[in-house]
Amino acid sequence: MKTSASNSATSFSLALTALNAFNQGYQYAVAQLASVMRPRAESPAEAANRLRLWADGCYMSRPGYAADLRAAADRSDHHAGNKY
C-alpha cells in the first residue's frame, strides 16, 4: 500500500516530466521559428550589387563616398572572381 507521501512524490515526478517535455517542445518550436525568420546568407555578388545600389543613391550628395563604395564593390568582385 502506497502512502500519501509516496503518491505525492510520484505526482510531483510526473509533473516534472511533463514540464520538461513541454519545455523541450517549446525550445524546438522557437528554434524552428528562428531558422525560418533568419535571412539567408548574401553571396559576394549580391553584396557588391548592394554596394553599387547604395553608391547610386548617394552619388549626388556625396560623390567621394559613392566612389569609395563602387571601389569596394569592384574589389569584392575581383576577389570573388566575378566580372561586373
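Rules used throughout
- Residues numbered from 1 in each chain as written.
- Predicted model: local features only at pLDDT ≥ 70, side-chain atom pairs only at ≥ 80, totals over all residues.
- Heavy atoms only, no water.
- Helix = DSSP H or I, 4+ residues; strand = E, 2+ residues; numbered from the N terminus.
- Expected span 1.5 Å × (residues − 1).
- Buried < 20%, exposed > 50% of the residue type's maximum accessible area, 1.4 Å probe, protein only.
- Arc of directions from axis to C-beta.
- Contact = heavy atoms within 4.5 Å.
- Salt bridge = Lys/Arg side-chain N within 4 Å of Asp/Glu carboxyl O.
- Core = buried A, V, L, I, M, F, W, Y, C linked by side-chain atoms within 4.5 Å.
- Axes fitted to C-alpha atoms, helices over the stretch in contact; angles between N-to-C directions.
- Parallel < 35°, antiparallel > 145°, perpendicular 65-115°, else oblique.
- Left-handed = near helix turned anticlockwise from the far one by under 90°.
- Nonpolar A, V, L, I, M, F, W, Y, C, P; charged D, E, K, R; others polar.

A. Region of the structure containing helix α2 (residues 44–58). Taking 1.5 Å per residue as the helical rise, α2 with its 15 residues ought to reach 21 Å, and the 21 Å between its terminal C-alpha atoms agrees with that figure. Among all positions of α2, only Ala48, Leu51, Arg52, Ala55 and Cys58 are buried. Axial view of α2: buried residues confined to an arc of 135°, hence all on one face. Summarising the geometry of α2, the exposed residues directed more than 90 degrees from the buried face are Leu53 and Gly57. Buried-residue contacts for α2 involve α3 (63–80).

B. Inspection of the pattern of salt bridges at higher detail. For the structure shown, the criterion picks out five salt bridges. For Asp74, the salt bridge is made with Arg52, and the minimal N-O distance between the two is 2.8 Å. With Asp74 in helix α3 and Arg52 in helix α2, this pair connects stretches of sequence that are 22 residues apart. We classify Asp74 as partly exposed; its relative accessible area is 43%. Salt-bridge contacts for Asp77 lead to Arg52; the nearest nitrogen and oxygen are separated by 2.7 Å. Remark: Arg52 occurs in helix α2 and Asp77 occurs in helix α3; sequence separation between them is 25 residues. Judged on exposure class, the residue Asp77 and its partner Arg52 are both buried. A network of salt bridges, in which partner residues are shared, links Arg52, Asp74 and Asp77.

C. Quick peek at the nonpolar core. Counting seven residues, the largest nonpolar core is built from Ala48, Leu51, Ala55, Cys58, Ala66, Leu69 and Ala73. Going through the elements one at a time, α2 and α3 are the ones with two or more residues in this core. Among the elements that take part in this core, α2 stands out by supplying four residues, more than any other. Beyond its immediate chain neighbours, meaning those up to four positions away, Ala48 contacts Ala73, Ser76 and Asp77.

D. Structural detail: the packing of α2 against α3. At a minimum axis distance of 8 Å, the contact between α2 and α3 shows a crossing angle of 165°. The angle between α2 and α3 falls in the class roughly antiparallel. Where α2 crosses over α3, the handedness of that crossing is left-handed. Residue-level inspection shows Pro44, Ala45, Ala48, Leu51, Arg52, Trp54, Ala55, Asp56 and Cys58 of α2 in contact with α3, the latter providing Pro63, Tyr65, Ala66, Leu69, Arg70, Ala72, Ala73, Asp74, Ser76, Asp77 and Ala80. A breakdown of the residues in the contact of α2 with α3 according to their chemical character gives 14 nonpolar, one polar and five charged.

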